[in-house]
Amino acid sequence: MVKKRCRPGAAVALTLFLLLVAAIFYAVPLNDVTQFRMKGDINENGITEEYELNNSALTVKEGSKLLWKSPEGYHIDSFALGDVDNDGKVNLVISLWKKGSFGDVQPFWHKGQNNDYKNHLFVYKLEGETLKSVWCSSNLDKPILSFTIQDVDGDRENELVVEEGLYKKIGKEKYTLNHDGPVQTTVWKWDKWGFYLADSLRTSE
């Protein structure tokens, strides 16, 4: 584990960063059916996209044009827009539950099938009108309760700050959140091919 300390001025930098993000992307709390809506121009073509989460399904629209809809079997509980891989381009980052360990493509070296229904983190980029996978996790060891994308250590690079819980088995291959378990806050940093654990902040019961 790599421990990092916030440098002087990190709080000011974080505040300025959050204000900048708020000016570019904004979220609208909606009713129980439409859970969340966010707008932003992440393909940088001058046209604002709308990201809307309805009944655990996410759609991406540009005006009246549907650019992407989450596949059937994806139960999406949260998403965010932010440059999580620090390449200068804003990503769409999704926390979702699905059957099977892997993302869009199963590694060629993996034999057999894993049908566990667990939590995943998927990272996408929007190129033109096409949403492309950047990184799709296998089953996470600990499910995500919530996450944010922000520079927590003042190094001008974003981290993924995650509140993690525990699984609760509710069937032969199906899991859900254990709402009575402890919650841990962790900080993850992008490193070329994926995330590594940069810090573990606290645990609460």
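Residues numbered from 1 in each chain as written. Predicted model: local features only at pLDDT ≥ 70, side-chain atom pairs only at ≥ 80, totals over all residues. Heavy atoms only, no water.

Colleague: Just give me the short version of the overall build of the protein chain, but keep the residues and values in it.
Modeller: Tallying secondary structure elements over the protein chain gives one helix and 15 strands in all. Here the protein chain has roughly 11800 Å² of accessible surface; of this, 53% comes from carbon and sulfur atoms. (Helix = DSSP H or I, 4+ residues; strand = E, 2+ residues; numbered from the N terminus. Areas by Shrake-Rupley, 256 points an atom, 1.4 Å probe, with all protein chains shown as cover.)

Colleague: I'd like to hear about unusual backbone geometry, residue by residue, with values.
Modeller: With a phi close to 55 degrees, E44 is a non-glycine residue in the positive phi region. Here E44 is to be found in the loop between strand 2 (34-40) and strand 3 (49-54). A positive phi angle, close to 50 degrees, is found at N55, a residue other than glycine. Checked against the element boundaries, N55 lands in the loop between strand 3 and strand 4 (57-62). According to the relative accessible area criterion, N55 is exposed, its value standing at 55%. (Buried < 20%, exposed > 50% of the residue type's maximum accessible area, 1.4 Å probe, protein only.)

Colleague: Give a detailed account of the packing of aromatic side chains, specifying residues and quantitative values.
Modeller: Tallied over the entire structure, the rule returns 10 aromatic pairs. Relative to Y124, the ring of W68 lies with its centre 5.4 Å away and its plane at 50 degrees, an arrangement referred to as tilted. Residue W68 is found in strand 5 (residues 65-69), and its partner Y124 is found in strand 8 (residues 117-127); the two are separated by 56 residues along the sequence. Overall, W68 belongs to the buried group, its relative accessible area being 14%. Residue Y124 is classed as buried on the basis of its relative accessible area, which comes to 4%. Ring-pair connections join several aromatic residues into one group, and the members of that group are W68, Y74, F122 and Y124. Directly above the ring of Y167 sits K118, whose terminal nitrogen or CZ lies 4.9 Å from the centroid. Sitting above the plane of the Y175 ring, K118 keeps its charged end 4.4 Å from the centroid. (Phe/Tyr/Trp six-rings, centres within 6.5 Å; stacked < 30°, edge-to-face > 60°. Lys NZ or Arg CZ within 6 Å of the ring centre and 35° of its normal.)

Colleague: Help me get a handle on the environment of D155, residues and values and all.
Modeller: With respect to the helices and strands, D155 occurs in the loop between strand 10 (144-150) and strand 11 (159-164). Here D155 falls in the partly exposed class, since its relative accessible area comes to 25%. There is a polar contact of 2.9 Å between the side chain of D155 and the backbone nitrogen of E157. (Polar contact = N/O pair within 3.5 Å; in protein donor to acceptor, adjacent residues only side chain to side chain.)

Colleague: An account of the nonpolar core is requested, with residue identities and associated values reported.
Modeller: Generally speaking, a soluble globular protein has its nonpolar side chains buried in company with each other. Counting residues in hydrophobic clusters, the biggest one holds 20 residues, and the most contacted among them are Y51, L58, F79, L92, I94 and Y124. Listed by contribution, the elements that provide at least two residues to this core are strand 3, strand 4, strand 5, strand 6 (75-82), strand 7 (91-99) and strand 8. If sequence neighbours within four positions are ignored, L58 has contacts with Y51, E52, L53, W68, K69, S70, I76, F79, L92 and I94. (Core = buried A, V, L, I, M, F, W, Y, C linked by side-chain atoms within 4.5 Å. Contact = heavy atoms within 4.5 Å.)

Colleague: For the pattern of salt bridges, give the residues involved together with the corresponding values.
Modeller: Under the counting rule described, the total for this entry stands at 10 salt bridges. Between R37 and E50 there is a salt bridge; the shortest N-O distance is 3.9 Å. In this pair, R37 is assigned in strand 2 and E50 in strand 3, connecting sequence segments 13 residues apart. With relative accessibility at 23%, the residue R37 sits in the partly exposed group. Look at E50 and you get partly exposed, because its relative accessible area is 23%. Among the ionic pairs, K189 bridges to E157, the shortest N-O distance being 3.5 Å. Placement of K189 in strand 14 (residues 183-190) and of E157 in the loop between strand 10 and strand 11 is noted, with a sequence separation of 32 residues between them. You can call K189 buried: its relative accessible area is 3%. A network of salt bridges, in which partner residues are shared, links R37, K39, E50 and E52. (Salt bridge = Lys/Arg side-chain N within 4 Å of Asp/Glu carboxyl O.)

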